[in-house]
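One letter stands for each residue in the lines below.
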Amino acid sequence: MDFTFSEQAKTFGEEVQEWLADNLDADWEGQFVPNGPEWVAFQAEWDRKLYARGWGAIYWPTEHGGLGADLEKRAVFSRAMAEAGAPDGLGKVGKRLLSPVLLRHGTEEQKARFLPPILRGEQFWCQGFSEPDAGSDLASLTTKGELDGDSLIITGQKTWTSHAPYSDWIFALVRTSRESRKQAGITFVLLPLDTPGVEVRPLRQINGRTEFAEVFFDGARASLDNVIGPIGEGWRIAKALLDFERGAEMTMARSATIRAATRSVIEDYPTPDSVDASVAQALGRSAASCLGAEINTLRLLGAQMSGGEPGSLSALVKLQQSEYWRAASAENVRSLGSHAFLAEHDHFEKYLSARYGTIASGTSEIQRNIIASRVLGLPE
Amino acid sequence: MQSELSADSQDIVHELTTTLTRACGDTLPAFGETEQYTSAVFEAVRLELSQGGWNELLTHGAGGDEDSAIVARVVEAVALAAPVLAFPLAENTLARHIMLALGDDAAAGDGVVVADTSRVLGGAQESPVMFPYPKLADRFITLVPGPDADSYDVVAYESGQLQPTPQTVDSTRPLGTVAAGAQGASLGTVTRGQAERYAAEALLFAAAELLGTADRLTQQTREHLAEREQFGNKLSANQALRHRLADSFVQVETLRSLVWYAAWIADQAPQELPEYALLGKGFGAEIAWTIADESIQLFGGMGYTWELGLQFPAGRIASRALEAPTGPNSLELAGRLTVKRGSLVGLVA
């Protein structure tokens, strides 16, 4: 048994930590209004800084400017960034979600046109998938793409589009035909957000921030040169999004957020030397769940790196951690009692922010369905 | 990164699990005042603990650096395989470790020795010590705080010096307390660090047993939902039940992560074990109880029958959860360590 990262991965992690110590102001968040223009500019500059260091997209193949980093290195990189409180940047959607689709299914011309500016932090992307009536059931999407000469005319609406207010381009799944299977007849298309007929409306979340938007298409014209793969096969094409498996990285990053939140709630205890037994128990429970999430991830990494089938671990990692975060962040507020009333103790805002984890990237209910069907093999 | 034992260690676990499970047989141990466990099973268990492969492992080790992890896996695997774990693997391991540390030649041999460490990590000093299987084991040792804060006396009692306790929540695991007036024999002293190590091991093995028991209950419940039909469909067609079983599965796997990690630490960095062991015991006690409760519910009317037998693993989980330090106590102790440090405990570098 060995639950440690390899020496190579540890060395890389130390290198990242040293670079962060020299290049990141630990207090950067307090200097900007979240999602405001200065905040956006700072995030964009961060992407360019990472690129200048050679870390624009460490998981990309080396021939496209990445490091070809393995799962371990990606996990330590993600953890180092999260522990330092580094900005997310604006490039993640393009680098992590669109790029594997381009790498696997794009033409050479599309790769040459789109990948370099994504890597350099010069072009930012958002994902146009979810719709008001197509969330968990994404295949039911109805945004239309009608063929017209050398274009697709797009009409419809996307929602929960991350970072759309400060993105340059969008990649979207649109319905180009109606088939007996709803997954058929969907096309993967790219278009600039300043295309006539495209309107972006910021969407305010329960924590007060506006990190998402609705995107309306009213006869917006997309060139067929910007369709990835064949018309009508977008659902299959989109599966490549998962090529850069990110469960371990997300867990490590989120774990750092949870740990930071717990440190700050302990600092806010009115009488830390005499916390109530129930508060201490809740903290013990939180410690067990947080550690459990991280060890689940190490087991997943070990299985993936040895070429084994991650199977059950892959399905449960996201569900376990996001549900734990939900419970723990609520408990953090309760444990402070009336101390938590004042908004300067931002634990209630942290709780509202945590609520995103059990809804995005596959709700907890969908994760449970997956576990019940694919892991437990329960007949339906 | 490798969460599995080495191939050699896995072979040892498999062999010991098979032998121990066979010794237990299909008989569900049920102890009343007349003690119904057959003497044949008793003798098979005593033989394995005192002279078989288990004895060999505890006396000479497995030749690698995974001895504690092997023990934890055996405890987990036997709890998974058997209706309830029918012998004191954890307590026997602790006793052997303590006596070997004292250089006691009686560590191996014909007798079965069990140990209690409940007073070391947060156990109430005034409560009587309860030893498992007073009629199976021959010798019972406990750690008593010494005159100074840095040592513990190792005190031994013989089987004739114990009296059975009134029946507890776990009818499959009889307990005994020291009879009034009985004097224990001092075998020597161990340091506080050693005592905490042994107490942490006790928590680790308790967590491993909770893991195996909860895993077994989850698998049994899964089979029931997949087979039983009502309204023309399998019970598992109902999403509510699918989700509840998925939640049980997630909790079992998370406990497995905590137990396997603590077992690795027991071998690689034993000085770090106490906090991780507290988390394993605390988390395990909580989720295993929830799973036992869910199992009774999801089995419906059948779950409420004596014949199905869910009261036995439920009782075993309850007894482990209530042993000092209890499940809630363990979480509280870990939580106070967290407050003192100012942060949640992390992975060992």
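Residues numbered from 1 in each chain as written. Chains lettered and ligands numbered in written order. Predicted model: local features only at pLDDT ≥ 70, side-chain atom pairs only at ≥ 80, totals over all residues. Heavy atoms only, no water.

Colleague: So what exactly am I meant to see when it comes to the overall build of chain A here?
Modeller: Scanning chain A from N- to C-terminus turns up 11 helices and eight strands. Relative to the globule expectation of 21 Å for 380 residues, the C-alpha radius of gyration of chain A, 22 Å, shows essentially globular dimensions. Judged by the C-alpha coordinates and their principal axes, chain A covers about 75 × 50 × 40 Å. Relative to its 380 residues, chain A shows a buried fraction of 53%. Taking all contacts inside chain A whose residues are at least 6 apart in sequence as the whole, residues at least 24 apart take part in 73%. Accessible surface, chain A as shown: approximately 16,500 Å² in total, 50% of it carbon and sulfur. Averaging the coordinates of the 39 positive side-chain charges in chain A and doing the same for the 51 negative ones gives two points 5 Å apart. (Helix = DSSP H or I, 4+ residues; strand = E, 2+ residues; numbered from the N terminus. Rg over C-alpha atoms; globule rule 2.2 N^0.38 Å. Buried < 20%, exposed > 50% of the residue type's maximum accessible area, 1.4 Å probe, protein only. Contact = heavy atoms within 4.5 Å. Areas by Shrake-Rupley, 256 points an atom, 1.4 Å probe, with all protein chains shown as cover. Lys, Arg positive; Asp, Glu negative; His and termini not counted. Charge placed at Lys NZ, Arg CZ, Asp CG, Glu CD.)

Colleague: Looking at this structure, I do not really get the sheet that holds strand β3 (residues 139-145) of chain B. What am I missing?
Modeller: Whether parallel or antiparallel, the strands of a sheet pair through hydrogen bonds between backbone atoms. Residue and element names in this part refer to chain B. Strand order in this open sheet of four strands is β1-β3-β4-β7, and the pairing throughout is mixed. Each edge of the sheet is formed by a strand with only one pairing partner; in this case those strands are β1 (113-116) and β7 (185-191). The sheet shows a mean angle of 25° between the axes of neighbouring strands, taken without regard to direction. When β1 meets β3, the two strands line up parallel, connected through four bridges. Counterpart to V114 in the pairing with β3 is F140. On top of the sheet, helix α5 (residues 89-101) reaches β1, β3 and β4 (151-158); it is set at about 90° to β1, its chief contact. In the packing of helix α6 (residues 192-227) onto the sheet, contacts are made with β3, β4 and β7, and the angle to β7 comes to roughly 100°. (Pairing = 2+ DSSP bridges. Axes fitted to C-alpha atoms, helices over the stretch in contact; angles between N-to-C directions.)

Colleague: What exactly am I supposed to notice about the sheet that holds strand β6 (residues 175-178) of chain B here?
Modeller: All names here are of chain B. Pairing within the open sheet is antiparallel, and its three strands lie in the order β2-β6-β5. Looking along the sheet, the strands with just one partner apiece sit at the ends: β2 (131-132) and β5 (162-164). Sheet topology places β5 next to β6; three bridges connect them, and they run antiparallel. Across the sheet, the residue bridging to Q163 is T177, located in β6.

Colleague: Mind showing me how you'd approach the interface of chain B and chain A here?
Modeller: Where interface size is quoted, it is often the accessible area lost as the parts come together. Taken together, the contact between chain B and chain A spans 50 residues of the former and 51 residues of the latter. Regarding the contact of chain B and chain A, the summed buried area is about 4,600 Å², with carbon and sulfur atoms giving 68% of it. In terms of surface lost to chain A, no three residues of chain B exceed M1(B), R242(B) and L344(B), which account for 19% of the buried area on that side. Applying the counting rule to chain B against chain A returns four salt bridges. Of the charged contacts in the structure, one is a salt bridge between E286(B) and R285(A), with a shortest N-O distance of 2.6 Å. Summed over the shared surface of chain B and chain A, the result is 22 residue pairs in polar contact (both at pLDDT 80 or more). Elements with a minimum of two residues in the side of chain B that touches chain A: α4 (67-81), α6, α7 (239-268), α8 (273-298) and α11 (327-341) of chain B. Looking at which element gives the most residues to the side of chain B that touches chain A, the answer is α7(B), with 16 residues. Considered class by class, the residues forming the side of chain B that touches chain A number 25 nonpolar, 13 polar and 12 charged. (Buried area = accessible area lost by both parts, 1.4 Å probe. Salt bridge = Lys/Arg side-chain N within 4 Å of Asp/Glu carboxyl O. Polar contact = N/O pair within 3.5 Å; in protein donor to acceptor, adjacent residues only side chain to side chain. Nonpolar A, V, L, I, M, F, W, Y, C, P; charged D, E, K, R; others polar.)

Colleague: What is the right way to look at the nonpolar core in this model?
Modeller: One broad rule of soluble globular proteins: the nonpolar side chains tend to lie buried together. Core analysis: the biggest nonpolar cluster contains 168 residues, and F188(A), F87(B) and L89(B) have the highest contact counts within it. Among the elements that line this core, the one with the most residues is α6(B), at 14 residues. Setting aside chain neighbours within four positions, we find F87(B) in contact with L20(B), C24(B), V45(B), L49(B), V78(B), Y133(B) and L136(B). If you look at the next biggest cluster of nonpolar residues, it comprises 19 residues, including L316(A), L319(A), L235(B) and L241(B). (Core = buried A, V, L, I, M, F, W, Y, C linked by side-chain atoms within 4.5 Å.)

Colleague: I tried to follow the side chain of T363(A) on my own but got confused; where do I start?
Modeller: Residues and elements named next belong to chain A. One can find T363 in the loop between α10 (347-354) and α11 (364-375). Among the residues examined, T363 registers a relative accessible area of 16% and is labelled buried. With residues near it in sequence (within four places) discarded, T363 still touches S136 and T358.

Colleague: What am I meant to see in the confidence of the model for chain B here?
Modeller: As a general rule, the predicted coordinates of low-pLDDT regions are not to be interpreted in detail. Of the residues in chain B, 92% have a pLDDT of 70 or more, and the chain-wide mean is 89. The ipTM for the predicted assembly is 0.94, set against a pTM of 0.94. (pLDDT = per-residue confidence, 0-100.)

Colleague: What should I look at first to understand a nonpolar patch on the surface in this one?
Modeller: Taken together, the side chains of V169(B), W289(B) and L322(B) make up a nonpolar region of the molecular surface, amounting to roughly 320 Å² of accessible area. Structurally, V169(B) can be placed in the loop between β5 and β6. (Patch = residues over 30% accessible without salt bridge, like charges linked within 9 Å, V, L, I, M, F, W, Y side chains within 5 Å.)

Colleague: Would you mind going over the packing of aromatic side chains with me for this structure?
Modeller: Aromatic ring pairs are reported here in terms of the distance separating the ring centres and the angle at which the planes meet. As enumerated under the stated definition, the model contains 23 aromatic pairs over all chains in all. Relative to W55(A), the ring of W19(A) lies with its centre 5.4 Å away and its plane at 75°, an arrangement referred to as edge-to-face. Taken together, the residues W19(A) in helix α1 (residues 7-23) and W55(A) in the loop between α2 (37-53) and α3 (71-83) connect sequence positions 36 residues apart. Pair check on accessibility: W19(A) and W55(A) agree, each one buried. Through pairs of rings, three or more aromatic residues link up here, namely F12(A), W19(A), W46(A), W55(A) and F77(A). The ring of Y59(A) carries the charged tip of R96(A) above its face, separated from the ring centre by 4.1 Å. Its end group placed over the ring of W260(B), R299(A) keeps NZ or CZ at 5.0 Å from the ring centre. (Phe/Tyr/Trp six-rings, centres within 6.5 Å; stacked < 30°, edge-to-face > 60°. Lys NZ or Arg CZ within 6 Å of the ring centre and 35° of its normal.)

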